[in-house]
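Topology and contacts: notes
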2 protein chains.
Amino acid sequence: MGDFNLTVILDAIRRSESGLSRVELAQIVGLSPQTISNISRRLLDQKLIVEAGKEGSGPGKPRTILRLNPQGMYALGVHLDPSLVTVVLLDLVGQIVVKEMFVTPRSQEPDEVVAAIADSIEGLLDRSGIPRELVAGVGVAAPGPIDLDRGAVVGPPLLRGWVDVPLRAMVEEATGLPTTMDKDVTGAAVAETWAGAPGGADSFALFYLGTGLGCGLVLGGEVYRGSSGNVGEIGHIIVDPDGPECFDRCGMRGTIATVLEPVRLVGEAIQAGVLSPLGEEPTAGDFQEAFAHLSRLVGEGDERAVAILGAAARKLAWAAAVVGNLLDVDRLVLGGPFWAPVADFCLAVLPDMVNDLLAARGIHRVEIAGTVLGDDVGAVGAACLVLERALAPRAERLLLGG
Amino acid sequence: MGDFNLTVILDAIRRSESGLSRVELAQIVGLSPQTISNISRRLLDQKLIVEAGKEGSGPGKPRTILRLNPQGMYALGVHLDPSLVTVVLLDLVGQIVVKEMFVTPRSQEPDEVVAAIADSIEGLLDRSGIPRELVAGVGVAAPGPIDLDRGAVVGPPLLRGWVDVPLRAMVEEATGLPTTMDKDVTGAAVAETWAGAPGGADSFALFYLGTGLGCGLVLGGEVYRGSSGNVGEIGHIIVDPDGPECFDRCGMRGTIATVLEPVRLVGEAIQAGVLSPLGEEPTAGDFQEAFAHLSRLVGEGDERAVAILGAAARKLAWAAAVVGNLLDVDRLVLGGPFWAPVADFCLAVLPDMVNDLLAARGIHRVEIAGTVLGDDVGAVGAACLVLERALAPRAERLLLGG
């Protein structure tokens, strides 16, 4: 129980914006002043918290404020995207200390990918000068479907040859650090709850627009992972009955993952004469650049570009409405590498498009927002998972030593 | 805290299959033998539990088993469907004592509907001879969208003129009984959790095939209502890009609520010469009968009938897969008045159809099952809501007197 109380106290301190006094802590967590005092002493000894000045408006002795010590613990986060790997090192308050992004090895061979991740992690630890023993572990955000129990990646459509790869164990072995794994979109949703209002119990879906398309779920304030960790597979929602056949050969037309493929949108723009043709064998970077160019043209008011992105936004709204109507969420949050270029345009048109399609529109309006985090939301979320395991009182397995 | 402990004990007794001794209770709920003894005494005095024989295999005094007293409390449940109203009276263990179904008054006027509900309730109470003071309250399951906080029905597509009807308050006034309200599909999901394995923490979606089409959600063992009680609006999921325009004028084609309308399926069968044309101005009952006839033909192996229902099942599978892929549930449960006639046929074909469409099919198979409850699942669930408020320790408002 000592460890449990310790995490309860750490969690209460984390959730407070400006720290807490021992007296406030005792009131919030319902433990005796003596217990609070003993545990604070242990946390101070472990350098997980610091005394951060005194506070006192009324009579009596001013109270010492306890805060998390950002340098007391660290966590690594890895987002494995089929085209880009992002690695971040977070401190105890969730701030990025260092990060690195690199193109996923072209072979997509699991061994090669894991070796590249391990190299990147060593490089970041070296550069930051942070001692290995302060790193609580590595969190990996991987594309689904995953086998949560076994920490395996099971045949994601965009990673060639990843039939059943025990990624968690491989990263653990390659880095020597305790490793945890979750689906990419769930990692992103975790990051959003860390960055969002503390203690909120709202429900939201986070749409991640990356190489693939998926969504993470936070329902009633808790991350919802589903029965096997595979929530958020929304790619086959039909959003355009007149659309092209699904690239994933499901036999239907106009599925969202197909009609919103950035490659397709760029192709439409080239065909319409809005963008110039790409060179031979264009890379993922070329497409991302062309997509960003298309978005800039929209910003400049180019009518044909607006028509293309407007139609795409309409289809995105349809999928968002399917999710919103099923789950009656408070918020729909959007993020990922293909979100940033179109964020301004979409935030102008999506809120009305989506709300007009919701059955509960007469009861409450659903907020549409961009993620407060950047492209690295998946990697940050993966590292937050590690911190959460260490800090959150509900985790069964505590990474903190007694 | 006394009332809270009381409901904890009642809930533990309810969840046990064959009752519990005081010693077992103390172990399960973690209260002192003295507290258990005091509270058991109160519950026995209130006739909410009974002593149900002795049990003792080992040495020492045999233990008296405590069980819920079915006659200790009752609850009424009302399912308001646009075409049919079902009213049930449940005892404390969730068994139906009496029930009544009647066609929704043709005018669909709120006053007239509420008066008919109140009449039915009086009739059931009279017939059963159950004293009014033993009835904990009325639960109403209403078609969405609803305003959960205000207990209002807000413009459901199939109830003409129900713009903003304070149904909960109206039923409370007309019956003089404390009334609670929830969305119809949520009521059905509650009933399923009561009837299913006790203490299970699995996740499932319950598809309700009635006059409308919706789904209730139980995620991680808890009923999930969403931000405003309006979960499960799945009617606009597109399942057939070649389908007809949505009857609800959303601007899309082939939405599930449209392509699976029983009226439409019956029409297809008439056009194909499988069913004979209906008379002039057919009623809802005529359609339901024709639909049942079509299902019988499928049972007899009529190829054209099989083709029509097979195509419909395929579309239902698509919608089920959208829900299953988003939520990664353990089970998909089907129920409602239009389920029963097609249950055998669908249970033969749906499991493979749905699982083939799920992204996590390599990790786990999703079970497809019919509800263990009949057509009255909505009304039973509404009454269970009342019992749950009375029995469940998490309810803030306890209907039980101290």
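Residues numbered from 1 in each chain as written. Chains lettered and ligands numbered in written order. Predicted model: local features only at pLDDT ≥ 70, side-chain atom pairs only at ≥ 80, totals over all residues. Heavy atoms only, no water.

As recorded in an unreviewed UniProt entry, chain A goes by the name ROK family protein, listed as coming from Sinomonas atrocyanea. We quote the UniProt Sequence similarities (unreviewed entry) comment for chain A here in full: "Belongs to the ROK (NagC/XylR) family." (UniProt positions renumbered as here; feature names shortened; annotations may be inferred.)

Points about the sheet that holds strand E11 (residues 204–209) of chain B
All names here are of chain B. Strand order in the open sheet made by the 5 strands is E13-E12-E11-E14-E15, with mixed pairing throughout. Single-partner strands in this sheet number two, and they are strand E13 (222–224) and strand E15 (367–370). The average undirected angle you get between the axes of adjacent strands in this sheet is 25 degrees. Inspection of the sheet shows E11 paired to strand E14 (residues 331–335) by 5 bridges, in the parallel sense. In the strand pairing of E14, tyrosine 208 is matched with glycine 335. Where helix H6 (residues 184–195) meets the sheet, it contacts E11, strand E12 (213–219), E13 and E14, and its direction lies at approximately 125 degrees from that of E11. (Pairing = 2+ DSSP bridges. Helix = DSSP H or I, 4+ residues; strand = E, 2+ residues; numbered from the N terminus. Axes fitted to C-alpha atoms, helices over the stretch in contact; angles between N-to-C directions. Contact = heavy atoms within 4.5 Å.)

Side note on the side chain of serine 21 of chain B
Position of serine 21 of chain B relative to the elements: it lies in strand E1 (residues 20–21). With sequence-adjacent residues up to four places away left out, serine 21 of chain B is seen in contact with Arg63, Thr64 and Ile65 of chain B.

Side note on the pairing of strand E10 (residues 179–183) of chain B
All names here are of chain B. With respect to burial, E10 is a largely interior element, 5 of its 5 residues being buried. Examined bridge by bridge, strand E7 (residues 135–142) and E10 share 5 bridges and lie parallel to one another. The residue bridging valine 138 from the neighbouring strand is threonine 179, located in E10. (Buried < 20%, exposed > 50% of the residue type's maximum accessible area, 1.4 Å probe, protein only.)

What about the environment of glutamate 100 of chain B?
Residues and elements named next belong to chain B. Relative to the elements of secondary structure, glutamate 100 occurs in strand E6 (residues 96–103). Along the chain, glutamate 100 and isoleucine 65 lie 35 residues apart, while their C-alpha atoms are 35 Å from each other. Beyond its immediate stretch of four places on either side in the chain, glutamate 100 contacts Val85, Thr86, Val87, Ser120, Leu124 and Arg127. A distance of 2.5 Å separates polar atoms of two side chains, one belonging to glutamate 100 and the other to serine 120. (Polar contact = N/O pair within 3.5 Å; in protein donor to acceptor, adjacent residues only side chain to side chain.)

Focus: the domain arrangement of chain A
Splitting chain A by domain gives domain 1 (2–68), domain 2 (73–191 + 377–391) and domain 3 (199–370). For domain 1 of chain A and domain 3 of chain A, the distance between their C-alpha centroids amounts to 43 Å. (Domains from an automatic or database assignment.)

Some points on the interface of chain B and chain A
Taken together, the contact pairs 43 residues of chain B with 43 residues of chain A. Between chain B and chain A, roughly 3,400 Å² of surface is buried when both sides are summed, and carbon and sulfur atoms account for 67% of that area. The salt bridge involving arginine 253 of chain A is made with aspartate 242 of chain B; its shortest N-O contact spans 3.0 Å. Counting the contacts that link chain B with chain A gives 24 residue pairs in polar contact (both at pLDDT 80 or more). Those elements giving two or more residues to the side of chain B that touches chain A turn out to be strand E8 (146–147), E12 and helix H10 (303–327) of chain B. The greatest single-element share of the side of chain B that touches chain A, amounting to 6 residues, is contributed by H10 of chain B. Classifying every residue of the side of chain B that touches chain A by side-chain character gives 24 nonpolar, 12 polar and 7 charged. (Buried area = accessible area lost by both parts, 1.4 Å probe. Salt bridge = Lys/Arg side-chain N within 4 Å of Asp/Glu carboxyl O. Nonpolar A, V, L, I, M, F, W, Y, C, P; charged D, E, K, R; others polar.)

Concerning the sheet that holds strand E7 (residues 135–142) of chain A
All names here are of chain A. If you walk across this open sheet you meet the 5 strands as E6-E5-E4-E7-E10, and the pairing is mixed. This sheet does not close on itself; its edge strands, each paired only once, are strand E6 (96–103) and strand E10 (179–183). Pairs of neighbouring strands in the sheet enclose a mean axial angle of 15 degrees, with direction left out of account. Those strands touched by helix H4 (residues 110–128) are strand E4 (74–80), strand E5 (84–91), E6 and E7, and its axis lies near 150 degrees from that of E6. Sheet strands touched by helix H6 (residues 184–195): E4, E7 and E10. Its angle to E10, the strand with the most contacts, is close to 100 degrees.

Concerning the relation of the copies chain B and chain A
Look at the two chain copies: a rotation about an axis and a shift along it is all it takes to match them. If you rotate chain B by 180 degrees and push it 0.0 Å along the axis, it lands on chain A with an RMSD of 0.1 Å. Both copies of the chain, as the preceding transformation shows, are related through a two-fold rotation axis. Across chain B, the smallest distance between a C-alpha and the rotation axis is recorded for proline 241 of chain B, namely 2.1 Å. Most of the interface of chain B is mirrored in chain A, where 100% of its interface residues again form contacts. (Least-squares fit on C-alpha atoms with pLDDT ≥ 70 in both.)

As for the packing of helix H2 (residues 22–29) of chain B against helix H3 (residues 33–45) of chain B
Residues and elements named next belong to chain B. Running from amino to carboxyl end, H2 crosses H3 at an angle of 115 degrees, the nearest separation of the two axes being 10 Å. In this structure, H2 crosses over H3, and the sense of that crossing is right-handed. Listed contacts from H3 to Arg22, Leu25, Ala26 and Val29 of H2 are Ile36, Ser40 and Leu44. (Left-handed = near helix turned anticlockwise from the far one by under 90°.)

A word on the pattern of salt bridges
Residues and elements named next belong to chain A. Per the stated rule, a full pass over the model turns up 26 salt bridges over all chains. Between aspartate 11 and arginine 14 there is a salt bridge, with its nearest N and O atoms 3.6 Å apart. Taken as a pair, aspartate 11 and arginine 14 lie in helix H1 (residues 2–15) at a separation of 3 residues, close to a single helical turn. On the basis of relative accessible area, aspartate 11 is assigned to the buried category, the value being 9%. It is possible to trace a salt-bridge network through shared partners that takes in Asp147, Arg150 and Asp164.

Concerning a nonpolar patch on the surface
Residues and elements named next belong to chain A. A surface patch of nonpolar side chains, about 250 Å² in accessible area, is lined by Leu84, Met101 and Val103. Locating methionine 101 in the fold gives a position in strand E6. Accessibility expressed as a relative area gives 38% for methionine 101, which makes it partly exposed. (Patch = residues over 30% accessible without salt bridge, like charges linked within 9 Å, V, L, I, M, F, W, Y side chains within 5 Å. Areas by Shrake-Rupley, 256 points an atom, 1.4 Å probe, with all protein chains shown as cover.)

Re the packing of aromatic side chains
A complete count under the given rule lists 2 aromatic pairs over all chains for this structure. Ring centres 5.3 Å apart and planes at 85 degrees place the aromatic pair phenylalanine 291 of chain A and phenylalanine 338 of chain A in the edge-to-face group. With phenylalanine 291 of chain A in helix H9 (residues 284–299) and phenylalanine 338 of chain A in the loop between strand E14 (331–335) and helix H11 (343–356), the pair connects residues that are 47 residues apart, well separated along the chain. Grouping residues by exposure puts phenylalanine 291 of chain A and phenylalanine 338 of chain A together as buried. Looking at arginine 14 of chain A, its charged tip hangs above the ring of tryptophan 194 of chain A, at a distance of 3.9 Å from the centre. For arginine 331 of chain B, the ring lying beneath its charged end belongs to phenylalanine 204 of chain B, and the centroid distance is 4.6 Å. (Phe/Tyr/Trp six-rings, centres within 6.5 Å; stacked < 30°, edge-to-face > 60°. Lys NZ or Arg CZ within 6 Å of the ring centre and 35° of its normal.)

Details of helix H8 (residues 262–271) of chain B
Residue and element names in this part refer to chain B. Every buried residue of H8 is accounted for by Pro262, Leu265, Val266 and Ala269. Angular distribution of buried residues about the axis of H8 spans 100 degrees; they occupy a single face of the element. Elements that come into contact with the buried residues of H8 comprise helix H7 (256–259), helix H9 (284–299) and H10. Glycine 273 sits one or two positions beyond H8 and adopts a positive phi of about 80 degrees. (Arc of directions from axis to C-beta.)

Comments concerning the environment of leucine 327 of chain A
Residue and element names in this part refer to chain A. Looking at the secondary structure, you find leucine 327 in helix H10 (residues 303–327). With a relative accessible area of 0%, leucine 327 lands in the buried category. Expressed as a C-alpha distance, the spacing of leucine 327 and leucine 219, which sit 108 residues apart in the sequence, is 8.6 Å.

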